[in-house]
Amino acid sequence: MKWLALFHRSAQCMSSAAVNRLAINSPMNNVVQILEGPSVACHAKKAAAALISGQVIALPTDTLYGIAALAQNNLAVENIYKIKKRNSTKPLAICVAEVADVYHWGKVTIPHSLLNSLLPGPVTLVFQRTPQLNPALNPGTDLVGIRIPDEEFIRTVVKYCGTPIALTSANISTKESPLCVEEFSELWGKLHSVYDTGRIGEQTDCREGSTIIDLSQTGSYRLIRRGIAYKRTVQVLQEYNLSLVD
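Quick caveat: nothing in here was measured; it's all calculated off a predicted structure.

A. Up close: the overall build of the chain. For the chain, the helix and strand inventory stands at eight helices and 12 strands. Burial statistics for the chain: of 246 residues in total, 53% are counted as buried. In the chain, the share of contacts with a sequence separation of at least 24, taken over all contacts with a separation of at least 6, comes to 63%. A total of about 11,700 Å² of accessible surface is found on the chain, and carbon and sulfur atoms cover 52% of it.

B. Here's a closer look at helix 7 (residues 152-161). Regarding helix 7, the residues found buried are F153, I154, T156, V157, V158 and C161. In this structure, the buried side of helix 7 is in contact with helix 3 (39-52), strand 2 (57-60), strand 3 (65-70), strand 4 (93-95), strand 8 (165-169) and strand 9 (193-196). By the N-cap criterion, in which a side-chain oxygen at the helix start approaches the backbone nitrogen of a residue two or three places on, helix 7 is capped by E151, the distance to F153 being 2.8 Å. G162 sits one or two positions beyond helix 7 and adopts a positive phi of about 75°.

C. Here's a closer look at the pairing of strand 10 (residues 211-214). Burial along strand 10 is two-sided: T211 and I213 facing one way and I212 and D214 facing the other are all buried. The pairing of strand 10 with strand 11 (residues 220-225) spans three bridges and is classified as antiparallel. In the strand pairing of strand 11, D214 is matched with R222.

D. A look at the nonpolar core. Core analysis: the biggest nonpolar cluster contains 49 residues, and I94, L125, F184, L191 and L215 have the highest contact counts within it. Of all the elements in the fold, those that place two or more residues in this core are strand 3, helix 4 (74-84), helix 5 (99-105), helix 6 (112-118), strand 6 (123-129), strand 7 (143-147) and helix 8 (230-239). Counting residues per element, this core draws most heavily on helix 4, which supplies five residues. Setting aside residues no more than four positions away along its own chain, L125 makes contact with L115, L118, L119, V144, G145, I146, I213 and L215. Counting 21 residues, the second-largest nonpolar core is a separate cluster that includes V40, L51, I57 and L59.

E. Here's a closer look at unusual backbone geometry. That bond from L119 to P120 is cis: its omega, -5°, falls within 30 degrees of zero. Of note, P120 is situated in the loop between helix 6 and strand 6. Although it is not a glycine, N138 sits at a positive phi angle of roughly 55°. Of note, N138 is situated in the loop between strand 6 and strand 7. By relative accessible area, N138 is classed as buried at 6%. Phi at T174 takes a positive value of approximately 85°, unusual for a residue other than glycine. Looking at where T174 falls in the secondary structure, it is placed in the loop between strand 8 and strand 9.

F. Representation of the environment of A68 in the model. Within the secondary structure, A68 sits in strand 3. As a C-alpha pair, A68 and A166 span 98 residues in sequence and 5.4 Å in three-dimensional space. Each residue touching A68, except ones within four places of it in the same chain, is listed here: L51, Q55, V56, I57, L59, I80, I165, A166 and L167.

G. The arrangement of the pattern of salt bridges in detail. Counted by the stated rule, this structure contains seven salt bridges. With a shortest N-O distance of 2.8 Å, D62 and R147 are connected by a salt bridge. Here R147 lies in strand 7 and D62 lies in the loop between strand 2 and strand 3, a separation of 85 residues in the sequence. Across this residue pair, the class does not change: D62 and R147 are buried. For E186, the salt bridge identified is with K175, shortest N-O distance 3.3 Å. In this pair, E186 sits in the loop between strand 8 and strand 9 while K175 sits in the loop between strand 8 and strand 9, placing the two residues 11 residues apart along the sequence. Here E186 falls in the partly exposed class, since its relative accessible area comes to 43%. Among the ionic contacts, a cluster of salt bridges with common partners joins E98, R155 and K159.

H. The arrangement of the pairing of strand 11 in detail. Between strand 10 and strand 11, which pair antiparallel one after the other, the connecting turn spans five residues, and G219 there sits at a positive phi close to 85°. As paired strands, strand 11 and strand 12 (residues 243-244) are joined by two bridges and run parallel to one another. Pairing of S220 across the sheet is with S243, part of strand 12. The parallel pair strand 11 and strand 12 is bridged by helix 8, and the resulting crossover is right-handed.

Criteria and thresholds
Residues numbered from 1 in each chain as written. Predicted model: local features only at pLDDT ≥ 70, side-chain atom pairs only at ≥ 80, totals over all residues. Heavy atoms only, no water. Helix = DSSP H or I, 4+ residues; strand = E, 2+ residues; numbered from the N terminus. Buried < 20%, exposed > 50% of the residue type's maximum accessible area, 1.4 Å probe, protein only. Contact = heavy atoms within 4.5 Å. Areas by Shrake-Rupley, 256 points an atom, 1.4 Å probe, with all protein chains shown as cover. Polar contact = N/O pair within 3.5 Å; in protein donor to acceptor, adjacent residues only side chain to side chain. Pairing = 2+ DSSP bridges. Core = buried A, V, L, I, M, F, W, Y, C linked by side-chain atoms within 4.5 Å. Salt bridge = Lys/Arg side-chain N within 4 Å of Asp/Glu carboxyl O. Right-handed = clockwise from strand over helix to strand, strands pointing away.

As structure tokens, this is what we get:
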């Protein structure tokens, strides 16, 4: 059964002591297990409502578990930095629901067919930001990284929000990026809600996160982070005759 598989994957992420605690104690009431089926949309609506109200939540992407807040809400974005103990000069990516949304927040320099080849997927594409994006988000740069994870739940949440979310890995900065919710249990009490779909991926290379490519200059690309999709991403970019720059 689905819930048994979910428990098994989650247990892989925990020490035996943690598994024993889970068996003895009921989980925190802000951790919500998401199973396939009609309830996904209901949970997505609740997650979106929390984000719209200014809360910070945790949810799965296609590479890691992330924490998110509305990108257009200054206080909520500040809370992400506080929760992660993240350096305030490190920019946050934004996540949108559809490829068409990328054009509203970034100045796209590549053909639409190339954009469709890369997204959705484990790739963050960096473009010049548009004036519509919150100027208080990443104020030290005129660039923005844009994500569309290949993960139904987070895309549904963003769709219900109707505006992008700021997104980063659900861990204290300098600590290992999480593949299951138990790996960031120290943050649960600081988050409005934690949405759990079980372990992400079977390989630890998912911890590398998304591949980050700077496409802000027409005709070229710059690698910012190799990430999990480096080989495929570079192959696609080369098929469109984009050149690598340092």
